[in-house]
Amino acid sequence: MHTFSQADFERFGQLYDIEFRFPSIQGSSGPDDRIVARGEINEHSLPSGFRFTFSSLEVMEAYESVSRGHAPLLILVVLDGIVELTLGSVEHILTPGNAVSMQLHPDYPLRACQREQQHLNVVALAFDPRRDSLGHASTGLHGLTILPQTPLRQWIVPQALQELLNTYAILTMTGSRRNLVLEGLALQLAGLGLASEEQESPHVPVVPVQQRQRLELVRQHLEFTPDHHHTLKDLAQMAAMSPSGLRAKFRAMYGVPVFDYLRKCRLRLAKHYLDQGFSVEQTANKVGYSHATNFSTAFRREFGFSPRKRPVGQKQ
């Protein structure tokens, strides 16, 4: 069993564009060699472009990681422990047996929180096309819109696959045999993690496929960056449509006007900040409202109660 210091995590973060934060020792003037976790972290890069990271850790200091890298497909599987994920206004709490699939983009930081004093057993599978030297097993991932309707999709890992992932830690094989085993696991995870056509709504409006893809790009942009300033002109340019065309087709596609959707994303994110202890004024500013009064009014209309009088401990 290895021990890991804050400096060890920072070195790992430099390799993969991940920023690690340790709230309990934030701003401490002491050395960064304080032990924050112990256990094992094993990485395996495969010729197909897949990269596995197996982490089995005793978390001694709660920490948050912010991923700013790029991957057309990233799958996180929790085998033991609890991981809290936030991507823009999207939140998921992963418990044992849960997984998420997503696209990782530097413009949309993924935040993950790990609690103190827990055993954390997590498997991460990333597809990095820059490392793809064979191009066979993962050809279908190139240029693919991985998650057409759900940018951060949560799903249940079959028990048999959980057992395989748990068993990997004791495998002693090396070289090409190990790569074949891992390629098989990677393909199973990728196959289960991608959204199937059957999972899409059967009531998709009659909008050309290319326009649907551009509308989904706009929707994800709003959901991932609700705190940014957005204009109809900029969003229309992103969708390669006229402003009036975007208004009409976004509503037809998602059943809500584009800026109503943005408001809902901002208010979902606001609940997250309020649960973290930020004041109403701070929260209003963080989610893009210039005036706390306007924010409070919108919050009350959306949830039925004032942000100052929200139910204690309510978290969705």
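Residues numbered from 1 in each chain as written. Predicted model: local features only at pLDDT ≥ 70, side-chain atom pairs only at ≥ 80, totals over all residues. Heavy atoms only, no water.

A. The nonpolar core, seen in detail. Ranked by internal contacts, the top residues of the largest apolar core, which has 31 residues, are Phe-9, Tyr-63, Val-83, Leu-85, Met-102 and Leu-110. Setting aside residues up to four positions removed in sequence, Phe-9 forms contacts with Phe-4, Phe-20, Phe-22, Val-36, Ala-37, Leu-57 and Tyr-63. Counting residues in each nonpolar core, the second largest holds 22 residues, with Phe-52, Leu-73, Leu-125 and Val-157 among its members. (Core = buried A, V, L, I, M, F, W, Y, C linked by side-chain atoms within 4.5 Å. Buried < 20%, exposed > 50% of the residue type's maximum accessible area, 1.4 Å probe, protein only. Contact = heavy atoms within 4.5 Å.)

B. Seen up close, the sheet that holds strand β8 (residues 90–94). Pairing in this open sheet of five strands is antiparallel, and the strands run β2-β5-β10-β7-β8 from one edge to the other. For this open sheet the edge positions go to β2 (18–21) and β8, each flanked by a neighbour on one side alone. Each strand axis lies, on average, 15° off the axis of its neighbour in the sheet, ignoring direction. Summarising the sheet, strand β7 (residues 83–87) and β8 pair through five bridges and their orientation is antiparallel. Bridging across to β8, Thr-86 finds its partner in Glu-91. Helix α1 (residues 6–16) contacts β2 and β5 (63–67) of the sheet and is inclined by roughly 155° relative to β2. (Pairing = 2+ DSSP bridges. Helix = DSSP H or I, 4+ residues; strand = E, 2+ residues; numbered from the N terminus. Axes fitted to C-alpha atoms, helices over the stretch in contact; angles between N-to-C directions.)

C. Up close: the packing of helix α4 (residues 209–224) against helix α7 (residues 258–275). Packing of α4 against α7 brings their axes to within 8 Å, and their N-to-C directions diverge by 30°. Taken together, α4 and α7 sit at an angle that is classed as roughly parallel. Helix-helix and strand crossings are classified by hand; for α4 and α7 the assignment is right-handed. Between α4 and α7, the contacting residues are Arg-219, Leu-222 and Glu-223 on the first element and Val-258, Tyr-261, Leu-262, Cys-265 and Arg-268 on the second. Here the residues of the contact of α4 with α7 sort into five nonpolar, no polar and three charged. (Parallel < 35°, antiparallel > 145°, perpendicular 65-115°, else oblique. Left-handed = near helix turned anticlockwise from the far one by under 90°. Nonpolar A, V, L, I, M, F, W, Y, C, P; charged D, E, K, R; others polar.)

D. Representation of the side chain of Gln-211. Note on placement: Gln-211 falls in helix α4. For Gln-211, a relative accessible area of 17% translates into the label buried. When near neighbours in sequence (up to four residues on either side) are disregarded, Gln-211 contacts Met-241 and Lys-249.

E. Just the sheet that holds strand β4 (residues 50–59), in detail. Ordered in space as β1-β3-β4-β11-β6-β9-β12, the seven strands form an open sheet in which the pairing is antiparallel. Here the strands that pair on one side only, and so sit at the sheet edges, are β1 (2–5) and β12 (152–156). Within this sheet the neighbouring strands show an average axis-to-axis angle of 30°, counted without direction. For strand β6 (residues 71–80) and strand β9 (residues 98–104), the ladder comprises five bridges, and the chain directions are antiparallel. The partner of Val-77 across the bridge, within β9, is Ala-99.

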